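Structural overview for review
Here's the letter readout for the chains.
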Amino acid sequence: MTAPATVRRVGERSLLVELADEAAVAALYGWLRERQAGEAPGALDAVEEIVPAARTVLLDGVADIDAVTALLRTARPTAAAATSGPPVEVPTVYDGADLAEVATLWGVSEEAAVRIHTSPAYVVAFCGFAPGFGYLTGLPPRYGVPRRATPRSAVPAGSVALAGPYTGVYPRSSPGGWQLLGRTALTLWDTGREPAALLAPGVRVRFTAVRA
Amino acid sequence: MTRAPATDPANGLLVVRPGPLTTVQDLGRRGVAHLGVPRAGALDEPALRAANRLVGNGPEAAGLETTLGGVALRALGPVVVAVTGAPSPVRVDGRAAAWGAPVAVPAGALVEVGPATAGVRGYLAVAGGVAVPAVLGSRSADLLSGLGPAPLAAGDRLPVGPPPTPGARPDLVPLPAPPAELVLRLRLGPRADWFAPAAVTRLGCDGYRVAAASNRIGLRTEGPAVARVRTGELPSEGMVLGAVQIPPDGQPVVFLADHPTTGGYPVIGVVPTADLAAAAQARPGTPLRFAPLRER
């Protein structure tokens, strides 16, 4: 894999690495995490936050900007570092309010839509929007769907939903504009648990259809 | 299960009047931004640190952050408190007490922090610290995601930790006055190239004011719109404290402690942390100017 294209300075203590695609983001994020937790973290030891996003990795609270910049310029992450641990299985009741609409958008039956959604091996690309809300990639691009024109004021916790290229599971009830496919009884976010977030960046995920 | 912290129930604080918005704050959460957890923590961090020093606490102790209107608390046991940040009258059982200095409060007495005479956020530290349970390493209330203790309500009982071992304790600490004009230095990037050079220059001129919609998430501004030269959408990217985001209406928003961890509006520049304490104390209507730094 080639070196990151661009490292941008952000304020006094942060760096933003721009990458070509989500696979490169996942590889660099996994590489940085592994190195930071390893025996020789070097300059990464004094980095407070490593935040992946759609096409970038942000390093915040960086004590030694020059050393970390140099490290990023020479980083050669491999795809092997992109994911970690066993896959999380998300048992899902596919009875969401937007299942029929999504099936129509895909031009298939509801049963086929469920098969399409339970087929891919997903990975959490990044978190955002709310604590423990993961943006999961893995669905082939042709199944991308728009957000709902009018967001719902309350989406129930555990809702399995789609928007753009991403699948997400609402960790708690909140307003939301994603298309609802179904729901899971899994507790996605629990600050009394280690780890608090079931769907942290780099975690692999599978959805399985279960009866209500 | 985590065990309850070792606190003496006789030494808590009872909330008599919570004020418009009073929250528990320490230095905030670190190392969890990748899970979508904001940093939170005191908006005027130097003021919380000063209050903690005055009562002999370590810098990590949690205190109370008030907003404009103060707070009233009954001391269930004898405590030492100090109030810093936005200047305000301090009373103990109706008698005037010192602001910006340690105040010994007898058991049963009412501590009142009055409305701020200037600035916005006041800090009340108590010797031993406010000992609510920590969530993900911090006792701070995070108003964006609802983590940590809810804003204070009348009748709440706040546990207080064991008093710190007596040591060198300053009687006075330097406390800057709230700003009459807010000047925020701005290190350009990472997305300054989404804006015309003239728009960047414009940010450095007069004409901005602090908007009333400001909160712990961001200092909102009103003034000349900052126009983009690039159209299209920026994929969501990580956000930092002090980031100046330009939403579609062109009115800059300076991200404060409860800012979201990722965002999709371009960040024209970042305000150094050292300037954010003044931002936390600037009232709506305060004139505001950005001072772009020309380096690198």
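Residues numbered from 1 in each chain as written. Chains lettered and ligands numbered in written order. Predicted model: local features only at pLDDT ≥ 70, side-chain atom pairs only at ≥ 80, totals over all residues.

**A word on the overall build of chain B**
Of regular secondary structure, chain B possesses three helices and 20 strands. In summary, chain B has a C-alpha radius of gyration of 20 Å against a globular reference of 19 Å for 296 residues, a match within 12%. Each principal axis of the C-alpha distribution contributes one length, and for chain B these read about 60 × 45 × 35 Å. Scored against the burial criterion, the 296 residues of chain B give a buried share of 54%. By sequence separation, contacts in chain B at least 24 residues apart represent 79% of the contacts at least 6 residues apart. (Helix = DSSP H or I, 4+ residues; strand = E, 2+ residues; numbered from the N terminus. Rg over C-alpha atoms; globule rule 2.2 N^0.38 Å. Buried ≥ 20, exposed ≤ 12 C-beta atoms within 10 Å, placed from the backbone. Contact = placed C-beta atoms within 7 Å.)

**What to know about the interface of chain B and chain A**
Each side of the interface is counted separately: chain B has 26 residues, and chain A has 32 residues. For the side of chain B that touches chain A, the class distribution of residues is twelve nonpolar, ten polar and four charged. (Nonpolar A, V, L, I, M, F, W, Y, C, P; charged D, E, K, R; others polar.)

**Section: the sheet that holds strand S2 (residues 14-18) of chain A**
All names here are of chain A. Across the sheet, which stays open at both edges, the four strands sit in the order S1-S2-S4-S3 with antiparallel pairing between neighbours. In this open sheet, the two strands that pair with only one neighbour each are strand S1 (6-10) and strand S3 (47-52). The average angle at which neighbouring strand axes cross in this sheet is 20°, direction not considered. In this sheet, S2 lies alongside S1 in antiparallel orientation, the contact comprising five bridges. Among the inter-strand pairings, Arg 8 is bridged to a residue of S2, identified as Leu 16. Here helix H1 (residues 22-37) sits on the sheet in contact with S2, S3 and strand S4 (56-62), set at roughly 155° to S3. Across the sheet, helix H2 (residues 65-74) lies against S1, S2, S3 and S4, angled at about 15° from S2, the strand it touches most. (Pairing = 2+ DSSP bridges. Axes fitted to C-alpha atoms, helices over the stretch in contact; angles between N-to-C directions.)

**Considerations on the sheet that holds strand S20 (residues 287-293) of chain B**
All names here are of chain B. Around the barrel, which closes on itself, the seven strands sit in the order S12-S19-S16-S17-S14-S13-S20 with mixed pairing between neighbours. The mean inter-strand angle of the sheet, taken between neighbouring strand axes irrespective of direction, is 40°. In the sheet, strand S13 (residues 208-210) pairs with strand S14 (residues 218-222) via two bridges, with the strands oriented antiparallel. Opposite Val 210, over in S14, you have Thr 221 as the bridge partner.

**Structural notes on the pairing of strand S9 (residues 159-163) of chain A**
Residue and element names in this part refer to chain A. Counting buried positions along S9 yields four of five residues, so the element is predominantly enclosed. Relative to strand S10 (residues 166-169), S9 runs antiparallel, the two sharing four bridges. By the bridge assignment for S10, Ala 163 is matched with Tyr 166. Here S9 hands over to S10 after two residues, with Gly 164 in that stretch at a positive phi of 55°.

**A few points about unusual backbone geometry**
Residue Pro 195 of chain A is bonded to the preceding Glu 194 of chain A through a cis peptide linkage, with omega at 5°. Here Pro 195 of chain A is to be found in the loop between strand S12 (179-184) and strand S13 (203-209). For the peptide bond that leads from Gly 189 of chain B to Pro 190 of chain B, omega is 10°, which places it in the cis range. Inspection of the secondary structure assignment puts Pro 190 of chain B in the loop between strand S12 (182-188) and helix H2 (197-203). One non-glycine residue, Ala 40 of chain B, lies in the positive phi region at around 55°. For Ala 40 of chain B, the location among the structural elements is in the loop between strand S2 (23-25) and helix H1 (45-54).

**Section: the environment of Ala 274 of chain B**
Residues and elements named next belong to chain B. Along the chain, Ala 274 falls in the loop between strand S19 (267-270) and helix H3 (276-281). Overall, Ala 274 belongs to the exposed group, with 12 C-beta atoms counted inside 10 Å. When the C-alpha positions of Ala 274 and Arg 185 are compared, they lie 9.4 Å apart, and in sequence the two are 89 residues distant.

**Regarding the environment of Arg 30 of chain B**
Following the sequence through the fold, Arg 30 of chain B ends up in the loop between S2 and H1. Separated by 212 residues in sequence, Arg 30 of chain B and Gly 242 of chain B place their C-alpha atoms 16 Å apart. Apart from residues no more than four positions distant in its own chain, Arg 30 of chain B is found in contact with Glu 48 and Gly 61 of chain A together with Arg 39 of chain B.

**With respect to the packing of helix H3 (residues 99-106) of chain A against helix H4 (residues 110-118) of chain A**
Residues and elements named next belong to chain A. Taken N-terminus to C-terminus, the directions of H3 and H4 make an angle of 85°; their axes are 9 Å apart at the nearest point. One way to sum up the angle between H3 and H4 is to call them roughly perpendicular. Packed against H3, whose contacting residues are Leu 99, Ala 100, Val 102, Ala 103 and Trp 106, the element H4 presents Glu 110, Ala 113 and Ile 116 at the interface. A class-by-class count of the residues in the contact of H3 with H4 yields seven nonpolar, no polar and one charged. (Parallel < 35°, antiparallel > 145°, perpendicular 65-115°, else oblique.)

**Topic: the confidence of the model for chain B**
Residues and elements named next belong to chain B. Looking at chain B as a whole, the pLDDT averages 93, with 95% of positions reaching at least 70. This model gives residues 1-5 a pLDDT under 50, and the stretch forms five contacts once residues within four places in sequence are excluded. Quick note on the complex model: pTM equals 0.94, ipTM equals 0.95. (pLDDT = per-residue confidence, 0-100.)

**Considering the pairing of S3 of chain A**
The side chains of a regular strand alternate, residue by residue, between the two faces of the sheet. Residues and elements named next belong to chain A. Most of S3 is tucked away: five of the six residues are buried. Note that S3 and S4 share five bridges and pair antiparallel. Note on S4: the bridge partner recorded for Ile 50 is Leu 59. In sequence, S3 turns back onto S4 through a hairpin of three residues.

**Thoughts on H4 of chain A**
Residue and element names in this part refer to chain A. Burial in H4 covers these residues: Ala 113, Val 114 and His 117. All buried residues of H4 project into a common sector of 100° when viewed along the axis, lining one side. Those residues of H4 that are exposed and angled more than 90 degrees off the buried face are Glu 111 and Ala 112. Packing partners of the buried residues in H4 comprise H3, S12 and S13. (Arc of directions from axis to C-beta.)

**Focus on the nonpolar core**
Taken as a class, soluble globular proteins show a tendency for nonpolar side chains to be buried jointly. In terms of nonpolar packing, the biggest core is built from 148 residues, with Leu 28 and Val 57 of chain A together with Ala 51, Val 81, Leu 124, Ala 125 and Val 126 of chain B touching the most fellow members. Ranked by residue count, the leading element in this core is H1 of chain A, at eight residues. (Core = buried A, V, L, I, M, F, W, Y, C linked by C-beta atoms within 7 Å.)

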